[in-house]
Amino acid sequence: MTGVKIAGVGHYTPDEIVDNFELEKWFDTSDEWITSRTGMKRRHWARKDQSTGDLALEAARRALESAKLQAQDVDAFIVCTVYPDYLFPATAAIVASRLGARDKAAFDMEIACTGFIYGLTVASSMVRAGVYKRVCLIGAETLSKLVNKDDRGTAVLFGDGAGAVILEASEKDSFLGSDLGSDGSKPELLFIEAGGSRNGMSHELLDRKADRIVMHGKEVFKFAVNKMIQATDAALAKANLTKADVDVLIPHQANKRIIDSAMKYLGMPPEKCVVNIHEYGNTSAASVPIALSEAVASGRIQPGNVIVFVGFGGGLSWGAVVWKWQ
Ligand code: UT7
């Protein structure tokens, strides 16, 4: 076994910004409600002609630049997303080709908002096992295209963006531990009913907007707080570390109240937590790598820091990875 490190990181968010006041014009909501219940102030939404792959491409370009590498130097490309460019082929294959990488491994992973946490575990395992020397791992979403814009309960929550890391074989190992989980017994808690092989697509489904995100917010909220705590504890135990060893926690950005509650029950000081939900809303699989990219760019993350990445979402799914920054 070899070690793995993050050699480069980058992110991209679309230019169009939709703030809470704009949403007040659409339906019966208010900046006060959205801010106090979620911590969100703005979200970035992709243009109609901008796909998930377009955002992934730009984030990957920036990560390659920060690693001082060419796409051809990377052995495999992974895109974590719930809304790929097409049902098939994989968005990762399209992104790799557009970056100029030829004949490389490329595949997508769909674990909803926990996508990047699962992806980091899978990609790191491939590098540590010596299967690949370098992997480009991208979390990218355009959930603004999947929300029901008549449903104030979900339309205000989601934003678009992409974050990418270049994982590279290394003498020292950054990957200290991971804990992943799922419970598929109630997919309808957070799902899109139409468009898959169970229900297909029909005029009847389209008429009742069954091709849009449905979420039972209260149930998901409780689950999210519990699993953030459980996964963080379990991943730290696997890494033989304690909460006191953690320098920075980078959680999935779904709701500021979820993050605050989890930090409180974990007994960790809030200042150790990276929060950018006010700017981007919930960008699903992109939220953790965007937050990482911003934290690295601002100098908040330094060599030797112990980081916990933690996420939760549809599936239901959850997970945490403990990482030592080099
Ligand atoms: O990333 C994947 C994982 N996702 C999550 O973790 C999200 C988890 N859930 C949540 O973050 C919260 O449940 C929400 C932010 C979605 C909702 O907050 P809540 O405090 O659970 O509100 P609620 O759904 O219980 O709704 C409370 C009230 C309702 O009105 P009544 O029935 O009390 O009259 C809603 O109709 O707030 C109303 N409401 C709104 N009011 C103004 C719901 N959405 C809005 C809105 N503006 N946008």
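Residues numbered from 1 in each chain as written. Predicted model: local features only at pLDDT ≥ 70, side-chain atom pairs only at ≥ 80, totals over all residues. Heavy atoms only, no water.

*Asks:* Lay out the overall build of the protein chain in plain terms, naming residues and giving numbers.
*Replies:* On a plain count of helices and strands, the protein chain comes out with 11 helices and 13 strands. For the protein chain, the spread of C-alpha atoms along the three principal axes comes to 55 × 45 × 35 Å. Every one of the 326 residues in the protein chain was classed for burial, and the buried ones make up 54%. Across the protein chain, every contact between residues at least 6 apart in sequence was considered, and the portion connecting residues at least 24 apart equals 77%. Here the protein chain has roughly 13900 Å² of accessible surface; of this, 50% comes from carbon and sulfur atoms. Mean positive and mean negative side-chain charge positions of the protein chain (37 and 40 charges, respectively) differ by 3 Å. (Helix = DSSP H or I, 4+ residues; strand = E, 2+ residues; numbered from the N terminus. Buried < 20%, exposed > 50% of the residue type's maximum accessible area, 1.4 Å probe, protein only. Contact = heavy atoms within 4.5 Å. Areas by Shrake-Rupley, 256 points an atom, 1.4 Å probe, with all protein chains shown as cover. Lys, Arg positive; Asp, Glu negative; His and termini not counted. Charge placed at Lys NZ, Arg CZ, Asp CG, Glu CD.)

*Asks:* Residue-level account of the domain arrangement of the protein chain, with values.
*Replies:* Partitioning the protein chain into structural domains gives domain 1 (3–172) and domain 2 (176–324). In this assembly, 49 residues from domain 1 lie in contact with 44 residues from domain 2. Summing the contributions of domain 1 and of domain 2, the shared interface buries around 3600 Å²; its carbon and sulfur component is 64%. Summed over the shared surface of domain 1 and domain 2, the result is two salt bridges. As a salt-bridge pair, glutamate 279 and arginine 42 come within 2.9 Å of each other at their nearest N and O atoms. (Domains from an automatic or database assignment. Buried area = accessible area lost by both parts, 1.4 Å probe. Salt bridge = Lys/Arg side-chain N within 4 Å of Asp/Glu carboxyl O.)

*Asks:* For the side chain of arginine 128, give the residues involved together with the corresponding values.
*Replies:* Structurally, arginine 128 can be placed in helix H5 (residues 115–128). A polar side-chain atom of arginine 128 sits 2.8 Å from a polar atom in the side chain of aspartate 173. Once you skip the residues sitting within four places of it in the chain, arginine 128 turns out to touch Met1, Thr2, Gly3, Val4, Asp173 and Phe175. (Polar contact = N/O pair within 3.5 Å; in protein donor to acceptor, adjacent residues only side chain to side chain.)

*Asks:* Summarise the sheet that holds strand S11 (residues 248–251); cite the residues concerned and give the values.
*Replies:* Strand order in this open sheet of four strands is S8-S13-S12-S11, and the pairing throughout is mixed. Only two strands of the sheet have a single neighbouring strand rather than two, namely strand S8 (175–182) and S11. Across the sheet, the mean angle from the axis of one strand to that of its neighbour is 10°, orientation sign disregarded. As judged from the seven bridges shared by S8 and strand S13 (residues 317–324), these two strands associate in the antiparallel manner. Note that in S13 the partner of phenylalanine 175 across the bridge is tryptophan 323. Sitting on the sheet, H5 touches S8, strand S12 (306–313) and S13, and the angle it makes with S8 is about 135°. Along the sheet, helix H11 (residues 287–297) contacts S11 and S12; its crossing angle with S11, the most-contacted strand, is approximately 145°. (Pairing = 2+ DSSP bridges. Axes fitted to C-alpha atoms, helices over the stretch in contact; angles between N-to-C directions.)

*Asks:* Any chance you could break down the nonpolar core for me, citing the residues and the numbers?
*Replies:* A general tendency of soluble globular proteins is for nonpolar side chains to be buried together. Core analysis: the biggest nonpolar cluster contains 45 residues, and Leu249, Val308 and Phe312 have the highest contact counts within it. For this core, the secondary structure elements donating two or more residues are helix H8 (217–238), helix H9 (256–266), S12 and S13. Considering every element that reaches this core, the biggest residue donor is H8, with nine residues. No fewer than three residues from each of domain 1 (3–172) and domain 2 (176–324) sit in this core. Sequence-distant contacts of leucine 249, that is, excluding residues within four places in its chain, are made with Met228, Thr232, Met263, Leu266, Met268, Lys272, Cys273, Val274, Val308 and Val310. Counting residues in hydrophobic clusters, the runner-up holds 34 residues, among them Val127, Val165, Leu292 and Trp323. (Core = buried A, V, L, I, M, F, W, Y, C linked by side-chain atoms within 4.5 Å.)

*Asks:* Tell me about the site of the ligand, and please be specific about residues and values.
*Replies:* Around the ligand, the structure places 23 residues, and the nearest of them are Thr29, Arg37, Lys218, Asn255 and Asn282. Contact between the ligand and arginine 37: an oxygen atom at 2.7 Å from a side-chain N or O atom of the residue. Here an oxygen atom of the ligand and a side-chain polar atom of arginine 257 are 3.0 Å apart. About the coverage of the ligand: the protein hides 74% of its 960 Å² of free accessible area. Of all the secondary structure elements, the ones that give two or more residues to the shell around the ligand are helix H2 (31–38), helix H6 (152–155), H8 and H9. Per element, the largest residue contribution to the shell around the ligand is four residues, and it comes from H8. Of the residues contributing to the shell around the ligand, the split by class is 11 nonpolar, seven polar and five charged. Of the domains in this structure, domain 1 (3–172) and domain 2 (176–324) are the two that each give at least three residues to the shell around the ligand. (Near = heavy atom within 4 Å. Nonpolar A, V, L, I, M, F, W, Y, C, P; charged D, E, K, R; others polar.)

*Asks:* Which residues make up the sheet that holds strand S5 (residues 105–109), and what are the values?
*Replies:* In spatial order, the strands read S1-S7-S6-S4-S5; together these five strands make up an open sheet with mixed pairing. Because the sheet does not close on itself, it has two edges, and the strands there are strand S1 (3–12) and S5. When the angles between neighbouring strand axes are averaged without regard to direction, this sheet yields 20°. The sheet contacts of helix H4 (residues 91–99) involve strand S4 (76–80), S5 and strand S6 (134–142), and relative to S4 the element is tilted by about 130°.

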